[in-house]
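Examining the three-dimensional arrangement
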Amino acid sequence: MINFSINTFDLFIVIAYVAIIIWWALRNGKSQDSQSYFLAGRSMPWWIVGLSLFAASISSTTLIGQSGDAYHTGLAVFNYNLAGGIVVMVFFALVILPLYIKSEIFTIPEFLERRFDSRSRYYFSGICILGNIFLDASGALYAAALIIKLVFPAADLQIVIVVFALVCAAYTIPGGLSSAINAELIQAVILIIGSCILAFFCFQQGGDYFVDLWKNDDLLVRLIRPMDDAATPWLGLIVGMPITGLYFWANNQTLVQRVLSSKTIDEGRKGVLFAGFLTMLTLFVIAIPGVIARDLFPGLEKPDMVYPNMVLQLIPTGLLGIMLAALLSALTSTLSAILNSTSTLFTMDFYAKYNKGASSKRLVWVGKLASCVIIIIAALWAPQIGKFGSLLKYYQEMLSYLAPPIVGVFLLGVFSKRINANGAFCGLLAGLAIGIGCYVFKTELFGGMHFLLIVPILFVGSIIVTYVCSLFWNKPEEEKLLTTMFRWSEFKAELNRTSRLPWYKNYFVYAYLLLIGCAMIYVIFD
């Protein structure tokens, strides 16, 4: 544990930040009806969607987990933001997002019901709720507690977790998604500024070390690794990361809910692509500083302590308060996003189906109650995460067994007319059974195989079961396919429409720029 104390001025900045966030979020909260509370009235412009999406995506697994992984294995961890992030975001914006917004859904499981039936909706919603509580919300609380423990070492971990949970709940529960998004606007700006400040001091003190690694073509600064690499074998970039990335960006209620709040399809698309450009910055403000920390802080045993060490030891007095506020921004924005999305899933996918006559105000009340229960469970589970060693390892390994069957069924539903409700449900259940079996007997079945290479096995297995089972029942009715399937004719018509627009209004241009940027990064760090 490092020796550290915070002065009064920096402590004042942190306290002021918390107070302003709560005040601003409550001031802009909306809870008049279910549409306002859960989807902010579907009125958000692209830049708000993008900033909110970025702030919500920079979770504890990104900020603390990725910097810790970069410290131990190098830049390979940034592949999760490239092959499993930006590339997937382009696909989501151009292909999947229009189907969501046209369907006017509240939740992603609701989309599965429109394409298949209620069984798929209940299953996926249940998986999402469990994942949000035990993976995402608990992870954010645990990461926040680690930071506070560095400032106040004598503080009890469980008490710190409870206090942090109360801070997030104070504005998220009363004001809903509108409160969360408005808080995320401030949090995103503070996060970007704070991360740039940290990167500046990190490069100032250890930039030469990184340049030497790059000039010598050290494995630490290579994104594409050999097949026997323990971090990210190159085949995993192609067959594993896009699948887990699709789950994170296209099937994750916590993030997609921000996009569903956009006022038009085009605003949603531009918001996702804007978030893609911001995500590209994480190479310079998270991954590379994590590598440089190897030189600045050699011998750190616990990977989750890398980013906190950089913040607390590199930043001078006066700026430290801003950096701590930036760090808390990442964690509070993630937690508030998870809290609101999980309450939306429970309320709209379970309670609203059970009590079909419930008024809009009743749904809001149930959503607030659900948020209270969710935050309590997450706070009780959070201390257990420390037993998994690394936040990123904990999150990615759990995701690798949960995501593939869901992504497989989802993609078949979007691109194949032959898939029906019975086939989809069989595929989901089979995928769950295969996933549990692979997890329990991982050593016997796969030996030391990397989890990114196990992902496509689960994915293909679920697809085969889904398709074969669908052949035993009739094709779905045409009305189920109207707003839930991708059509090349509509995509080509959209290409023609946007080609007549000025380049700066054509979102395809920004999509191309993102893909070119990804290719350039791979060339530079290959």
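The structure under discussion appears in the preceding block.
All of these numbers come straight from a predicted model, not from anything done at the bench. Sequence order as written defines the numbering, with residues in each chain counted from 1. With the structure being a predicted model, the display of local features is reserved for residues of pLDDT at least 70 and the display and counting of side-chain atom pairs for 80 or more, all residues being used for whole-chain, interface and lining totals. No hydrogens and no water enter the side-chain calculation; it runs on all heavy atoms of the structure.

**Observations regarding the overall build of the protein chain**
Heads up, the condition is: Only DSSP runs of H or I with at least four residues qualify as helices, and only runs of E with at least two residues qualify as strands; both kinds are numbered from the N terminus onward. C-alpha atoms define the radius of gyration, and 2.2 Å times the number of residues to the power 0.38 defines the globule rule. Burial classes: relative accessible area under 20% of the type maximum marks a residue as buried, over 50% as exposed, and values in between as partly exposed (1.4 Å probe, protein chains only). Residues are treated as being in contact if the distance between any of their heavy atoms lies within 4.5 Å. Residue exposure ignores everything except the shown protein chains as possible cover, and the areas themselves are Shrake-Rupley values with a 1.4 Å probe.
Helix and strand counts for the protein chain stand at 22 helices and zero strands. Relative to the 2.2 N^0.38 estimate, which gives 24 Å for 526 residues, the radius of gyration of the protein chain is 22 Å and therefore close to what a compact globule would have. In terms of principal-axis extent, the alpha carbons of the protein chain reach across some 65 × 55 × 50 Å. Sorting the 526 residues of the protein chain into buried and exposed places 61% on the buried side. Look at the contacts in the protein chain between residues 6 or more apart in sequence, and 84% of them connect residues 24 or more apart. When the accessible surface of the protein chain is summed, it comes to about 20200 Å², and 67% of that surface belongs to carbon and sulfur atoms.

**Some details on the side chain of serine 416**
Threshold: We call two N or O atoms a polar contact when they sit within 3.5 Å, provided that within protein one can donate a hydrogen and the other can accept it, with sequence-adjacent residues counted only if both atoms are side-chain atoms.
Along the chain, serine 416 falls in the loop between helix H17 (391-415) and helix H18 (421-440). Within polar-contact distance, the side chain of serine 416 engages the backbone nitrogen of arginine 418 at 3.4 Å.

**Things to note about a nonpolar patch on the surface**
Rule in force here: Every patch collects residues that have over 30% relative accessible area and no salt bridge, joining them within 9 Å if they carry like charges and within 5 Å if they are nonpolar side chains (Val, Leu, Ile, Met, Phe, Trp, Tyr). Salt bridges are defined as contacts in which a side-chain nitrogen from Lys or Arg sits within 4 Å of a carboxyl oxygen from Asp or Glu.
Nonpolar side chains collect at one region of the surface, where Trp214, Phe277, Leu495, Tyr512, Leu513, Ile516, Met520 and Ile524 lie side by side and expose about 750 Å² of accessible area between them. Element by element, the count of residues in the nonpolar patch is highest for helix H22 (residues 507-524), at five residues. Along the polypeptide, leucine 513 turns up in helix H22. Here leucine 513 falls in the partly exposed class, since its relative accessible area comes to 43%.

**Some points on the nonpolar core**
Our working definition: What we call a nonpolar core is a set of buried Ala, Val, Leu, Ile, Met, Phe, Trp, Tyr and Cys residues that are connected through their side-chain atoms within 4.5 Å.
Leu75, Phe92, Tyr100, Leu141, Met310, Val311 and Leu324 are the most contacted members of the largest nonpolar core, which has 178 residues in total. The element contributing the most residues to this core is helix H8 (residues 157-215), with 22 residues. The residues contacting phenylalanine 92, other than those within four sequence positions of it, are Leu97, Pro98, Tyr100, Trp249, Ala250, Val256, Val259 and Val272. Tyr401, Phe446, Ile454 and Leu458 belong to the second largest nonpolar core, which has five residues in total.

**Some remarks on the packing of helix H5 (residues 79-103) against helix H11 (residues 253-260)**
The condition is simple: Axes, fitted as lines to C-alpha atoms, cover a helix only where it is in contact. Angles between the N-to-C directions of the axes lie from 0 to 180 degrees. Reported orientations rely on four angle classes, namely roughly parallel under 35 degrees, roughly antiparallel over 145, roughly perpendicular from 65 to 115, and oblique for the rest. Amino acids are sorted into nonpolar (Ala, Val, Leu, Ile, Met, Phe, Trp, Tyr, Cys and Pro), charged (Asp, Glu, Lys and Arg) and polar (every other residue, Gly among them).
Relative orientation of the contacting elements H5 and H11 amounts to 75 degrees, with a least axis distance of 11 Å. Regarding the angle of H5 to H11, the classification is roughly perpendicular. Here H5 contributes Phe92, Leu97, Tyr100 and Ile101 to the contact with H11, which in turn contributes Val256, Val259 and Leu260. Looking at the contact of H5 with H11 residue by residue, the classes come out as seven nonpolar, no polar and no charged.

**Quick notes on the packing of aromatic side chains**
Rules: Only centres within 6.5 Å qualify two rings of Phe, Tyr or Trp (six-membered ring in Trp) as a pair; their planes then separate them into stacked at under 30 degrees, edge-to-face at over 60, and tilted for everything else.
Going through the model one piece at a time under the given rule, you end up with 22 aromatic pairs. With 6.4 Å between their ring centres and 65 degrees between their planes, phenylalanine 124 and tyrosine 247 make a pair best called edge-to-face. Taken together, the positions of phenylalanine 124 in helix H7 (residues 118-151) and tyrosine 247 in helix H10 (residues 241-250) put the pair 123 residues apart, joining distant regions of the chain. The class for tyrosine 247 is buried, based on a relative accessible area of 9%. Considering the side-chain rings of tryptophan 488 and phenylalanine 491, the 5.8 Å spacing of their centres and the 85 degrees angle between planes classify their relative orientation as edge-to-face. Residue tryptophan 488 and its partner phenylalanine 491 are located together in helix H21 (residues 488-499), separated by three residues, close to a single helical turn. With relative accessibility at 16%, the residue phenylalanine 491 sits in the buried group. Every member of this aromatic cluster is reached through a ring pair, and the members are Phe91, Phe415, Phe486, Trp488, Phe491, Tyr507, Phe508 and Tyr512.

**Some remarks on the pattern of salt bridges**
The full count for this structure, using the stated rule, is twelve salt bridges. Residue arginine 119 pairs with aspartate 117 through a salt bridge whose shortest N-O separation is 2.8 Å. Residue class for aspartate 117 comes out buried when judged on its relative accessible area of 18%. Here arginine 497 makes a salt bridge to aspartate 266, at a shortest N to O gap of 3.0 Å. With arginine 497 in helix H21 and aspartate 266 in helix H12 (residues 265-280), this residue pair connects regions lying 231 residues apart in the sequence.

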